[in-house]
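Here is how the chains run, residue by residue.
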Amino acid sequence: MLKKIIIVLLVGISCLSTKAQDASNKANIDSAYSDIPKLVVGIVIDQMRYDYLTRYYSKFSEGGFKRLVHEGFNCKNNHFNYITTKTGPGHASIFTGTTPKYHGVIGNDWFDKTLSHNVNCVEDKSVLPIGTDSKDGMKSPHRLLTTTFADENRLFTQMKGKTIGISLKHRGAILPAGHTANAAFWWDYEHDGSGNWISSSFYINDLPQWVKNFNESNIAESYFKPWNTLYNIDSYTESVSDLNKFEGGFKGKDSPIFPYDLEVLKDQNENFKIIAESPYGNSLLTDFALEAIEGEQLGQDRFTDVLTISYSSTDKVGHNFGVNAIETQDTYLRLDLDIKRLLEALDEKVGEGQYTVFLTSDHGAPYAPGYLKSKKIPAGFFDASAMRVALNQFLFEKYGVLNLILSRINNQIFLDHKKINDYKINLKQLKEEISLQLLQYKLIDKVYVTSQINQFVNTSGNGYLETLLDNGHHQKRSGDILFVFNPSVFKDTPWNRTGTDHHSWLSYDTHVPLLFFGKGIKRGQTIRKTEITDIAPTISALLGISFPNGCVGEPLDFVLD
């Protein structure tokens, strides 16, 4: 009898335990679906190599990059998984979770086969500029073929969750925000621009009052001031000496050395453009982002909002001065303080622990070829324009047809298929002949051809480089022949002979930071390889929304709490 009583009690306890566990699981599931951030902030730092995070780490403040690392999750081995590594494709891939093969943004610019001229990734002649008369306002995401996670969040919330995109560069504001954004704003600094924040009729018919107020203030003009090092210049031991032959500089100043008086130099450097090419461009962007959080009331209701911020001045300083310059280091030390300022404002306006941030970059950058050669490391400059002329001359002598090559851009050759058809030239043979000519150039490492229907042909099996080329190749938009330079080879142009450039499959261009921080994010780090296309599905999983419609990345479950 006692044995039966014990069995009954054990069964009862087991049932109660099971029910308690079921209730606990249900509570956890309910919490996972309801406890989502009020605001997601996606930060892209243009041209940030991963090692900038470690190289300058000891000089960062506690509240900027270090706070993200200490309180968030650091993916130390994060890479781009396609070629070409440029700003437009980078921003598109981060926020769509897919590669140029599917989202279609194969470069900042590319040769349009229908129009027979180069096009910019966000130019759109069908829209009107808002806040300016400049054509720099005629921009939209119409060439982006897939959705971003911000688009999916808008759809999921029945358009109640807001999306705002902000950058000095138009492509840095537009491509992350996607097709359904409430607005994207960029800075009118190019072509002697007005120094105002602008948009296009794709999004809005008039600037919001808070933007007008910002434009009417003296904030942008206040950055026409001296740029000196934030700390004693002798403490910048992570960089080469201030005076060296591997840096560019500004017009009107004999040497690229501190200080730079932007008020004095502005007239010779397109006025507001010199602010964009200094660390003060990042500070101005932060000023504007804080106004956007307040003006758009982001993170103030139960529907998750998305704010995308792309810091462009890091790219401009990098191109000008290179990855080893004190100017570059100073730009990052100042950016660190802007990141701190942004996080503190989010704590105050949205609530500490109520928002989620990720920080990454759209590409990295290599050391200047001249500097590498001085250290006996192979590098060089390649005259791509002369190459095109020589190839067309070779083809004219062989076929008697002028200009069979229409364009060479993004290390791709575009052929004139109308002439090829009219003159009945064998396309396959033509591609092979051009490829053999290209392989004779010392600084070209590899050459690949496409099929009859412009499908990338992987002739070397399932190689790493070939996979990246395939991921970056769009059948309708990419060229007929692809070529790859040796490591640390730049196009030989006046602006490339100092500073840096980027475009390649090599780790200096693909290895970039990836930090997650805030609501729903674990504290930790990993050296497991992650890819740039993993960011969008990770944020989508955090929000419980559909992945972007072309997404090929995987959610990083180990970063989610």
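Residues numbered from 1 in each chain as written. Predicted model: local features only at pLDDT ≥ 70, side-chain atom pairs only at ≥ 80, totals over all residues. Heavy atoms only, no water.

(A) Fine view of the overall build of the chain. A tally of regular secondary structure across the chain gives 20 helices and 20 strands. For 561 residues, the compact-globule estimate of 2.2 N^0.38 gives 24 Å, and the C-alpha radius of gyration of the chain, at 26 Å, lies within 12% of that figure. Taking the principal axes of its C-alpha atoms as reference, the chain extends roughly 105 × 60 × 50 Å. By residue count, 58% of the 561 residues in the chain fall in the buried class. Within the chain, counting contacts between residues at least 6 apart in sequence, those at least 24 apart form 72% of the total. Looking at the chain as shown, the accessible area adds up to about 23100 Å², and 52% of this sits on carbon and sulfur atoms. On the chain, the mean spot of the 58 positive side-chain charges and the mean spot of the 65 negative ones are 6 Å from each other. (Helix = DSSP H or I, 4+ residues; strand = E, 2+ residues; numbered from the N terminus. Rg over C-alpha atoms; globule rule 2.2 N^0.38 Å. Buried < 20%, exposed > 50% of the residue type's maximum accessible area, 1.4 Å probe, protein only. Contact = heavy atoms within 4.5 Å. Areas by Shrake-Rupley, 256 points an atom, 1.4 Å probe, with all protein chains shown as cover. Lys, Arg positive; Asp, Glu negative; His and termini not counted. Charge placed at Lys NZ, Arg CZ, Asp CG, Glu CD.)

(B) Summary view of the side chain of Asp338. Among the structural elements, Asp338 can be located in helix H13 (residues 326–351). A polar atom in the side chain of Asp338 sits 2.9 Å from the side chain of Arg341. (Polar contact = N/O pair within 3.5 Å; in protein donor to acceptor, adjacent residues only side chain to side chain.)

(C) Spatial organisation of the sheet that holds strand S19 (residues 514–518). Read across the sheet, 10 strands follow the order S5-S8-S7-S6-S11-S1-S12-S19-S2-S20 without closing on themselves; strand pairing throughout is mixed. This sheet does not close on itself; its edge strands, each paired only once, are strand S5 (129–130) and strand S20 (524–531). Direction of pairing for strand S2 (residues 73–79) relative to S19: antiparallel, over a ladder of two bridges. Paired with Asn74 across the bridge in S19 is Leu515. In the packing of helix H4 (residues 87–96) onto the sheet, the strands contacted are strand S1 (39–45), strand S11 (305–311) and strand S12 (355–360), and the crossing angle to S1 comes to about 150°. (Pairing = 2+ DSSP bridges. Axes fitted to C-alpha atoms, helices over the stretch in contact; angles between N-to-C directions.)

(D) Local environment of the packing of helix H15 (residues 384–399) against helix H17 (residues 427–438). At a closest axis distance of 11 Å, the pairing of H15 and H17 adopts a crossing angle of 135°. Taken together, H15 and H17 sit at an angle that is classed as oblique. Here H15 runs over H17; the crossing is right-handed. Facing H15, whose interface residues are Met387, Leu391, Phe394, Leu395, Lys398 and Tyr399, H17 presents Gln429, Leu430, Glu433, Ile434, Gln437 and Leu438. Classifying every residue of the contact of H15 with H17 by side-chain character gives eight nonpolar, two polar and two charged. (Parallel < 35°, antiparallel > 145°, perpendicular 65-115°, else oblique. Left-handed = near helix turned anticlockwise from the far one by under 90°. Nonpolar A, V, L, I, M, F, W, Y, C, P; charged D, E, K, R; others polar.)

(E) Examining empty space enclosed by the protein more closely. Per the counting criterion, the structure on display carries three cavities of 30 Å³ or more. Around the largest cavity, the lining is made up of 26 residues, and of these Ile83, Asn411, Phe483, His503 and Ser504 lie nearest the centre. Among the elements that make up the lining of the largest cavity, the one with the highest residue count is strand S17 (residues 481–485) (four residues). Its residues placed into classes, the lining of the largest cavity shows 12 nonpolar, 12 polar and two charged. The volume enclosed by the second largest cavity comes to roughly 90 Å³. Taken together, 13 residues form the lining of the second largest cavity, with Phe246, Phe321, Asn324, Ala368 and Tyr371 sitting closest to its centre. (1 Å grid on protein atoms, 1.4 Å probe; cavity = no way out; pocket = protein on both sides within 12 Å on 5 of 7 lines; lining within 4 Å. Points joined across faces, edges and corners; volume = space filled by probe spheres on them.)

(F) Main features of the confidence of the model for the chain. Mean pLDDT for the chain: 94, with 93% of residues reaching 70 or above. Summarising per-element confidence for the chain, the mean pLDDT is lowest in helix H1 (residues 2–34) (50) and highest in S19 (99). Within the model, the stretch residues 5–11 combines pLDDT values under 50 with zero contacts to residues more than four positions away or in other chains. Predicted confidence for residues 23–32 stays below pLDDT 50, and this span has zero contacts to residues more than four positions away or in other chains. (pLDDT = per-residue confidence, 0-100.)

(G) View of the pairing of strand S6 (residues 163–167). Across the five residues that make up S6, a large majority, five, are buried. In this structure, S6 lies alongside S11, joined through five bridges in parallel fashion. In the sheet register, Ile164 faces S11, and the bridge partner there is Leu307. The pairing of S6 with strand S7 (residues 183–187) spans four bridges and is classified as parallel. For Ile166, the partnering residue across the bridge sits in S7 and is Phe185.

(H) Focus on the layout of surface pockets. Of the pockets and cavities examined, the largest pocket occupies roughly 1600 Å³. Taken together, 48 residues form the lining of the largest pocket, with Glu190, Lys273, Lys316, His319 and Trp495 sitting closest to its centre. Listed by contribution, the elements that provide at least two residues to the lining of the largest pocket are strand S4 (117–120), helix H7 (170–177), S7, helix H12 (313–321), H15 and strand S14 (405–409). Looking at which element gives the most residues to the lining of the largest pocket, the answer is H12, with four residues. Considering only residue class, the lining of the largest pocket consists of 10 nonpolar, 19 polar and 19 charged.

(I) Seen up close, the pairing of S19. The buried count for S19 comes to four of five residues, which makes it a mostly enclosed element. Note: S12 against S19, five bridges, orientation antiparallel. Looking at S19, one finds that Val357 is bridged to Phe517.

(J) The arrangement of the environment of Gly107 in detail. Within the secondary structure, Gly107 sits in the loop between helix H5 (100–103) and strand S3 (109–112). With a relative accessible area of 0%, Gly107 lands in the buried category. Counting along the chain gives 16 residues from Gly107 to Glu123, while the straight-line C-alpha distance between them is 13 Å. For Gly107, the residues in contact, after removing those within four places along its chain, are Pro89, Cys121 and Asn410.

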